[in-house]
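Given next are the chains, with one letter for each unit.
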Amino acid sequence: MSRAGQGLRAWLWQRASAVYLVLFVLLQLGYFLAGEPGSYAEWHRWVAHPVVSLAFAVALLAVLVHAWIGVRNILMDYVRPVAMRLLGLGLAAGALVACGAWGARILVLAGLR
Amino acid sequence: MARRATARPVFLNIFRIHLPIGAVASFLHRISGLLLTLTLPVVLLLLDVSLRGPEGFARVQGWLAGLPARLAMVVIGWALAHHALAGMRFLLMDIDVGASLRAARGSAWAVNVLGAAVLLAVAGGWL
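Residues numbered from 1 in each chain as written. Chains lettered and ligands numbered in written order. Predicted model: local features only at pLDDT ≥ 70, side-chain atom pairs only at ≥ 80, totals over all residues. Heavy atoms only, no water.

Draft legend 1. Main features of the layout of surface pockets. Considered as a void within the structure, the second largest pocket measures approximately 230 Å³ in volume. Taken together, A:Val71, A:Leu75, A:Ala92, A:Ala95, A:Leu96, A:Cys99, B:Leu34, B:Thr37, B:Leu38, B:Leu40 and B:Pro41 make up the full set of residues lining the second largest pocket. The element that contributes the greatest number of residues to the lining of the second largest pocket is helix 1 (residues 21-50) of chain B, accounting for 5 residues. (1 Å grid on protein atoms, 1.4 Å probe; cavity = no way out; pocket = protein on both sides within 12 Å on 5 of 7 lines; lining within 4 Å. Points joined across faces, edges and corners; volume = space filled by probe spheres on them. Helix = DSSP H or I, 4+ residues; strand = E, 2+ residues; numbered from the N terminus.)

Structure representation (structure tokens):
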């Protein structure tokens, strides 16, 4: 992809993930504000529900994509020395990948319980 | 890109630089975003422990009832609200809604004020 195209792709992914996340957060906040969950059983039933579980998984992916682009933007804008910037990008990428793996584990184990 | 010493004046007193209101909204958007990214591992931990079983669920309830957690939730509540509101402002401006200077300044004020309002609402309701 051309260099200019890369910027456009990041911009699109950031917007798309943002739109999904606003909807997801609103729905999940509504769930909590309605007084749920009252017990472990209710909470587990919610998160392990096939559709909700999928929504959580997509939300996790969306957060990782959105956070990556955001942190990358910040590093590109404010960290000029190349070595520092690469270190920052590497740490951020590593942390986000680790969070993704952890989140996947949480959802899979919850589904299996 | 090396920075060479020049005779140009440097003016970096942020308390005296007049920032446009849109810049404030934008800075806070980035700061809130960074803050939210840092809370991701914590959210995952809460999710993990709360789903392990009734004991884990009760443990998380205990954590969330404590004062440090409630203070943190006030800050995170603000961060989430400001980031989402400022983000929606940017999304609308992307499609040329509210892109005029007057409208942009108005929406920047609205976003900042609403963010502060959410902060107060969460603090009032939670603490």
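Draft legend 2. Broad picture of the interface of chain A and chain B. In this complex, chain A contributes 31 residues to the contact, which on the side of chain B involves 22 residues. Here chain A meets chain B over a buried area of about 2300 Å², counting both sides, of which 72% is carbon and sulfur. It is A:Tyr40, A:Trp102 and A:Ile106 that lose the most area in chain A upon contact with chain B, and together they represent 25% of the buried surface on that side. Seen at the junction of chain A and chain B, the total is 2 salt bridges. For B:Asp94, the salt bridge is made with A:Arg15, and the minimal N-O distance between the two is 2.7 Å. For the pair chain A and chain B, the number of links is 7 residue pairs in polar contact (both at pLDDT 80 or more). Elements represented by at least two residues in the side of chain A that touches chain B include exactly helix 1 (3-33), helix 2 (40-48), helix 3 (50-78) and helix 4 (82-112) of chain A. Considering each element in turn, the side of chain A that touches chain B owes the most residues, 11 residues, to helix 3 of chain A. Class assignment of the residues belonging to the side of chain A that touches chain B gives a composition of 20 nonpolar, 6 polar and 5 charged. (Contact = heavy atoms within 4.5 Å. Buried area = accessible area lost by both parts, 1.4 Å probe. Salt bridge = Lys/Arg side-chain N within 4 Å of Asp/Glu carboxyl O. Polar contact = N/O pair within 3.5 Å; in protein donor to acceptor, adjacent residues only side chain to side chain. Nonpolar A, V, L, I, M, F, W, Y, C, P; charged D, E, K, R; others polar.)

By themselves these figures say nothing about function.
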